[in-house]
Amino acid sequence: MDKKRTRILTLAILLLATTGSLPLHAQRKQPQWTFSAHTGMGYLINTFEAYDQMLESPYYPIAALRIGYQTTETDHPYAPLYGYPNVGFQLGWSGLSELHYTGESHFSSIFAFCGFIERDFLRLKRFSFGYEVQTGIGFNKSVYNTDTNPLNMNMSSSLLFYVGGDLKMRYRFNKSLEMGLSFHLEHYSTGDLSCPNLGISSEGAVLSLRYSSITPPPIDHNPQPKPEVKPFLSEVYFGGGLHKCHAEWAAFGSTRPWPILVVGGGISYRYLPQISTGVHLDLNNADPMFVKRVEQVERVLYGDEAVDAYGHYSTFTCGISLIQQFHYGNFSVYGHLGIYLYKHMGLHEQEGLLYQRAGIKYTFPQLANVFVAVDCKAHHFNDAAMMELTVGKRF
């Protein structure tokens, strides 16, 4: 045997020996990526009189591209609890510039970058039914302007916060290719980082085509063993948010963000590893200059008699809320439904007794269960009050 063949044979033996020594799961591990394209039509939900003045038609095109990771039995212990979800990132486009406008006031198309989680609750041989949630940020060019864009009171900021959701049905052609049809909801908001702060909400229908490198595992509605967790979950947190003075904007057409101190805590019962429900106490304290400014502005808006009858303007608010959390390991998504026990920040700032909060948090077990959370606080279920950033500890 010549030297060239001896070298090739030696190299082949070494390669086989190396690969043969790898763990079996490393050899058998399949790619778990998904790629999908989405197109459809959105319909602006008409909740503002300005729409009737701005638009000839409320329909506009939507599209998205996404890359995902299909979880399986070999992934996180929480994956089977959620039916082996598909998670990933999406680049979306809402073609609001394609709307037919009656005058100079207009919207621009919005590009949104977001994360998503897609879960099936029923899988048959060919069909599957499920839902998905997306959240992220959007970028918008056309903002409110009193001279050039006065009717666009929905988007006063170039940076927007995006949340969307779908109810979906899919048909599987083969092992890798699926087509989907979904009912889609989406909302863009300034998060009260600028005024006016009406936001945009829409509904629509979306057609999608998805390629998967792996077939999703069958859904187990009672997976065993379940992750071990303690039944009661308590936590405290503090942080801050930025709030715009709506009274100031109503009076003068401009305002600036004011800092708000956020403190709270509560206890929840974790009746499933992935779900907990509880009660929280929420305390806020505003900059003293904020309430002084509110009082000054409201004397212009409503007159001295109305302000004097209202009484003392307080920087402090206190509320109690019901909290629902969905857990995936150290990651949590949560929502609050609360009622103010005390709030006396001004005639324009009262905004009813109910408040809501939706956000995400991540807990660091290696840092004694310290967590970081970002959320949006709202009133009336559609009016963002402020974006909040908090740090806390889970016990």
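Visitor: Which parts of the structure should I look at to understand the overall build of the protein?
Guide: Each helix and strand in the protein was counted, giving 6 helices and 16 strands. Here the C-alpha coordinates of the protein stretch approximately 105 × 55 × 45 Å along the principal axes. Accessible surface, the protein: about 20500 Å² in total, of which carbon and sulfur atoms supply 67%.

Visitor: Is there a simple way to think about the nonpolar core in this case?
Guide: Looking at soluble globular proteins, one finds that nonpolar side chains tend to be buried together. Residues Cys245, Ala286, Phe290, Val294 and Tyr313 are the most contacted members of the largest nonpolar core, which totals 20 residues. Contributing elements (two or more residues each) for this core: strand S10 (257-272), helix H5 (288-302), helix H6 (304-310) and strand S15 (370-379). In terms of residue count, H5 provides more of this core than any other element does, 4 residues in total. Residues contacting Val294, with those up to four places away along its chain left out, are Cys245, Tyr313, Met345, Gly346 and Glu349.

Visitor: How should I be thinking about the pairing of strand S6 (residues 159-172) in this particular structure?
Guide: Only one face of S6 is buried, namely the one carrying Leu160, Tyr162, Gly164, Asp166, Lys168, Arg170 and Arg172, since none of Leu159, Phe161, Val163, Gly165, Leu167, Met169 and Tyr171 on the opposite face is buried. Pairing of strand S5 (residues 127-139) with S6 involves 13 bridges; the strand directions are antiparallel. By the bridge assignment, Phe129 is partnered in S6 with Met169. Looking at chain direction, S6 and strand S7 (residues 177-189) are connected through 12 bridges and run antiparallel. For Arg170, the partnering residue across the bridge sits in S7 and is Gly180.

Visitor: Honestly, the sheet that holds strand S14 (residues 354-364) in this entry has me stumped. Any pointers?
Guide: Across a sheet, strands are paired by hydrogen bonds formed along the backbone, either parallel or antiparallel in direction. With respect to topology, 8 strands assemble into a closed barrel ordered S9-S10-S11-S12-S13-S14-S15-S16, the strand pairing being antiparallel. On average, adjacent strands in this sheet sit at an angle of 25 degrees to one another, irrespective of strand direction. In the sheet, strand S12 (residues 316-328) pairs with strand S13 (residues 331-343) via 12 bridges, with the strands oriented antiparallel. The residue bridging Thr317 from the neighbouring strand is Lys343, located in S13.

Visitor: How do you make sense of the sheet that holds strand S4 (residues 110-123) when you look at a structure like this?
Guide: An order of S1-S2-S3-S4-S5-S6-S7-S8 is seen for the 8 strands of this closed barrel, with the pairing classed as antiparallel. Going from strand to strand, the sheet's axes swing by 25 degrees on average, the running direction of each strand aside. Sheet analysis places strand S2 (residues 59-70) next to strand S3 (residues 86-94), joined by 9 bridges and oriented antiparallel. Considered in S3, the bridge of Ala63 is made with Trp93.

Visitor: Honestly, the side chain of Lys244 in this entry has me stumped. Any pointers?
Guide: You can see Lys244 is positioned in strand S9 (residues 232-244). Among the polar contacts made by the side chain of Lys244, one reaches the main-chain carbonyl oxygen of Leu193 at a distance of 3.4 Å.

Visitor: Help me understand H5 in this model?
Guide: Because the α-helix completes a turn every 3.6 residues, residues three or four places apart line up on one side. Taking 1.5 Å of rise per residue, the 15 residues of H5 would be expected to cover 21 Å, and the 21 Å separating its terminal C-alpha atoms lies within 8% of that figure. Taken as a whole, H5 has its buried residues at Phe290, Val291, Val294, Val297 and Glu298. Down the axis of H5, the smallest arc covering the buried residues is 125 degrees, so these residues share one side. Summarising the contacts, the buried residues of H5 are in contact with S9, helix H4 (246-252), S10, strand S11 (275-286) and H6.

Visitor: Even after reading the chapter, I still don't get the packing of aromatic side chains, so can you show me in this structure?
Guide: Scanning all chains against the criterion turns up 18 aromatic pairs. Taking the centre distance of 5.7 Å and the plane angle of 40 degrees together, the rings of Tyr82 and Tyr328 count as tilted. Placement of the pair is Tyr82 in the loop between S2 and S3 and Tyr328 in strand S12, with a sequence separation of 246 residues. Taking the relative accessible area as the measure of exposure, Tyr328 reaches 22% and is therefore partly exposed.

Visitor: Explain the pattern of salt bridges here, please?
Guide: Pairing between side chains of opposite charge can happen when their charged atoms approach one another. According to the stated counting rule, one finds 19 salt bridges in the structure shown. Close ionic contact of Lys168 with Glu132 constitutes a salt bridge, the shortest N to O distance being 2.6 Å. Of the two residues, Lys168 is situated in strand S6 and Glu132 in strand S5; the sequence distance between them amounts to 36 residues. Glu178 serves as the salt-bridge partner of Arg210, at 2.7 Å between the closest nitrogen and oxygen. Of this pair, Arg210 sits in strand S8 (residues 200-212) while Glu178 sits in strand S7, placing them 32 residues apart in sequence. Take Arg210: its relative accessible area is 4%, and that puts it in the buried class.

What counts, and at which threshold
- Residue positions are counted from 1 within each chain, in the order its sequence is given.
- Local features in this predicted model are restricted to residues of pLDDT 70 or higher, and side-chain atom pairs are both shown and tallied only at a pLDDT of 80 or more, whereas totals for entire chains, interfaces and linings draw on every residue.
- Note that the side-chain values use all heavy atoms of the structure and ignore hydrogens as well as water.
- Counting from the N terminus, the helices are the DSSP runs of H or I reaching at least four residues and the strands are the DSSP runs of E reaching at least two.
- Residue burial considers only the protein chains on display, and all accessible areas are found by Shrake-Rupley using a 1.4 Å probe.
- For the purposes of this section, nonpolar cores are sets of buried Ala, Val, Leu, Ile, Met, Phe, Trp, Tyr and Cys residues that join through side-chain atoms within 4.5 Å.
- Throughout, exposure labels follow a simple rule: accessible area from a 1.4 Å probe, protein chains only, divided by the maximum for the residue type, with under 20% read as buried, over 50% as exposed, and the rest as partly exposed.
- Here, two residues are considered to be in contact whenever any of their heavy atoms come within 4.5 Å of each other.
- Strands are treated as partners if at least two bridges between them are detected by DSSP.
- In this analysis, axes come from line fits to C-alpha atoms, helices being fitted only over the stretch in contact, and the angle between any two N-to-C directions falls in the range 0 to 180 degrees.
- Under the rule applied, a polar contact is a pair of N or O atoms within 3.5 Å (in protein, one hydrogen donor and one hydrogen acceptor; residues adjacent in sequence only if both atoms are side-chain atoms).
- The span one expects for a helix is its residue count, reduced by one, times 1.5 Å.
- This arc corresponds to the set of directions leading from the helix axis out to the C-beta atoms.
- Note on ring pairs: Phe, Tyr and Trp rings are taken, using the six-membered ring of Trp, and paired if centres are within 6.5 Å. Classes follow the plane angle, with under 30 degrees stacked, over 60 edge-to-face and the rest tilted.
- The salt bridge criterion pairs a side-chain nitrogen of Lys or Arg with a carboxyl oxygen of Asp or Glu, the two atoms within 4 Å.

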